[in-house]
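Structural characterization, general
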Amino acid sequence: MENKKIIIALAGNPNTGKTTIFNALTGLHHKVGNYPGVTVEKKVGERRYKDYEIIIYDLPGIYSLTAYSIDEMVARDFIINEKPDIIVNVLDSNNIERNLYLCMQFQELNIPIVGALNLTDEAERKGIIIDEKKLSDILRIPLVKTVGVKNIGLENLLDKVIEVVEQGSTHFNASYGAELEIEIKDIIKILENDKEFIEKYPIRWFAIKLLEKDKKAFEILESHKNKDKLKIMLNDKIKKIERHFGRDAEIVVTEQRYAYIHGAVLESVSRKPIFQSDITETIDKIVLNKILSLPIFIFIMWAIFQLTFKVGEYPIQWLESFFNWFGRIIGSLLPEGLLNSLLVDGIIAGVGGVFSFVPLIVILFLFISILEDTGYMSRIAFIMDKILHIFGLHGQSFLPMILGFGCSVPAVMAARTLKSAKDRIITILIIPFMSCGAKLPVHILLAGAFFPNSQANAVIAIYVI
């Protein structure tokens, strides 16, 4: 008997453990490529479970379906165009209210959803207790508690996916308030006049996107047979909403979503008092302090360079000794002449001179990876936001720029995460000015030649400048 097939779109905010769950579900049975026309990574995996062949697409981590960034456009286009059988929305239980915002938008797409309440062990340690049954009843979405890194709850998640696909979920639309719902229904009535159009796009989701003044939605609207009538209507309705609420229509829709989420969380999530101070919050109070944050950052970068040179002295000496010894051995085996000079003074001395600086590069990148793993990199982006705004950049540009200290290629690729096309282009143009790993040996060589007693300070001065 041939296995039945289920196509899952695995989606969620960044840093919710989505990729951990994807890897745990698919094991080695996944492949990596790019989505057509963009450089955003696409992961596709397979899992045979019970009588089903389950195809899992790991979508880029996103915060909304508004399509400001390439990642958001890719995720949105995949769900709308490919029409997966079900969306598995991975939610961070520590930040459930923020994560449910994306979940509400998935609901508007009229595709079955199962929520994975991930990182529940961390949440419980912080005193956050989620009543998943009550929250599930309010949102009308099946929820399963999981801990991806420990493979806890993943089979329950697959069981729930199969159950929802087999039964076919009765779709539920959350109410965004009487004022908005009237306008949404009026737009839907006209959209429904074009049958070909409503077969391609989720009708309620599209109506809401039009009220949010989504640029991509207005581009799609051009293919509707009643586009002129809709544009006139939308102009009136958006003005009416903005007059009534006194705010931009997009903000109004966002507030209504969060109002619904807040009510749901209030009824289903409780917090036990934890008397032990949260280490992360304590550290944040120091490293994100208005006065101390920048001096701390400069000190950390200075300390990294100092440690890089102090620790790197030993392997550099070992490598220099090895290449000197190796050069002497080769030189003693060959007669004096061009070949001897080429091998000893040219190849061995040249390679040795460059290779002896590799330990410094390795140590430097080790420290940078530690900063990234501890979450300090994202805090640097927050700290640097005001400074970078002077140059017309977002604080998030700092992360690709830091990567530029390693290599410009991954740094340029990292710029795709920036929301604005303008920010992406400016950041990409600036990245080549960062002192990449290939330039570091030259800086170190010059610093050693001209500043033998303060190499670290000379190199950090180059980086600061």
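The structure this text deals with has already been given above.
Residues numbered from 1 in each chain as written. Predicted model: local features only at pLDDT ≥ 70, side-chain atom pairs only at ≥ 80, totals over all residues. Heavy atoms only, no water.

1. Focus on the nonpolar core
Grouped together as the largest cluster of nonpolar side chains are 63 residues, with contacts concentrated most on I87, I96, L100, F106, L109, I187 and F206. Residues contacting I87, with those up to four places away along its chain left out, are A9, A11, I79, F106, L109, I111, P112, I113 and V114. By size, the runner-up hydrophobic cluster in this structure holds 33 residues, among which are V287, Y376, M401 and I402. (Core = buried A, V, L, I, M, F, W, Y, C linked by side-chain atoms within 4.5 Å. Buried < 20%, exposed > 50% of the residue type's maximum accessible area, 1.4 Å probe, protein only. Contact = heavy atoms within 4.5 Å.)

2. Overview of the environment of R140
Residue placement: R140 occurs in the loop between α5 (132-139) and β8 (143-145). Judged by relative accessible area, which is 55%, R140 ranks as exposed. In this structure, the C-alpha to C-alpha distance between R140 and I113, residues 27 residues apart in sequence, is 9.4 Å. Polar contacts involving the side chain of R140 include one to the main-chain carbonyl oxygen of D137, which spans 3.5 Å. (Helix = DSSP H or I, 4+ residues; strand = E, 2+ residues; numbered from the N terminus. Polar contact = N/O pair within 3.5 Å; in protein donor to acceptor, adjacent residues only side chain to side chain.)

3. Structural notes on the side chain of T146
By the element assignment, T146 lies in the loop between β8 and α6 (154-167). Look past the residues within four positions of T146 in its chain and what remains in contact with it is I21, A116, L117, N118, L119, T120, I152, G153 and L154.

4. Considering the pattern of salt bridges
Enumeration over the complete set of coordinates arrives at 19 salt bridges. Note that D186 and K237 form a salt bridge whose closest N and O atoms lie 2.9 Å from each other. Linking D186 in helix α7 (residues 178-191) with K237 in helix α11 (residues 227-245), this pair joins segments that are 51 residues apart in sequence. Taking relative accessible area as the criterion, D186 reaches 24% and is therefore assigned partly exposed. D248 serves as the salt-bridge partner of K213, at 2.7 Å between the closest nitrogen and oxygen. (Salt bridge = Lys/Arg side-chain N within 4 Å of Asp/Glu carboxyl O.)

5. Examining helix α9 (residues 203-211)
Burial within α9 is extensive, with eight of its nine residues counted as buried. For α9, the complete set of buried residues consists of R204, W205, F206, A207, I208, K209, L210 and L211.

6. A look at a nonpolar patch on the surface
A cluster of nonpolar side chains, L339, L342, I347, V351, F355, V358 and V362, forms an exposed patch at the surface whose accessible area comes to about 600 Å². At the level of secondary structure, the elements contributing two or more residues to the nonpolar patch comprise α15 (338-355) and α16 (358-373). The residue V351 is located in helix α15 in this model. (Patch = residues over 30% accessible without salt bridge, like charges linked within 9 Å, V, L, I, M, F, W, Y side chains within 5 Å. Areas by Shrake-Rupley, 256 points an atom, 1.4 Å probe, with all protein chains shown as cover.)

7. What about unusual backbone geometry?
Phi is positive for N110, close to 60°, though the residue is something other than glycine. Relative to the elements of secondary structure, N110 occurs in the loop between α3 (96-108) and β6 (113-118).

8. Things to note about helix α1 (residues 18-26)
Turning to α1, its buried residues number three or more, namely K18, I21, F22, L25 and T26. Looking straight down α1, one finds its buried side chains confined to an arc of 115°; they lie on one side. G27 sits one or two residues past α1 and shows a positive phi near 60°. (Arc of directions from axis to C-beta.)

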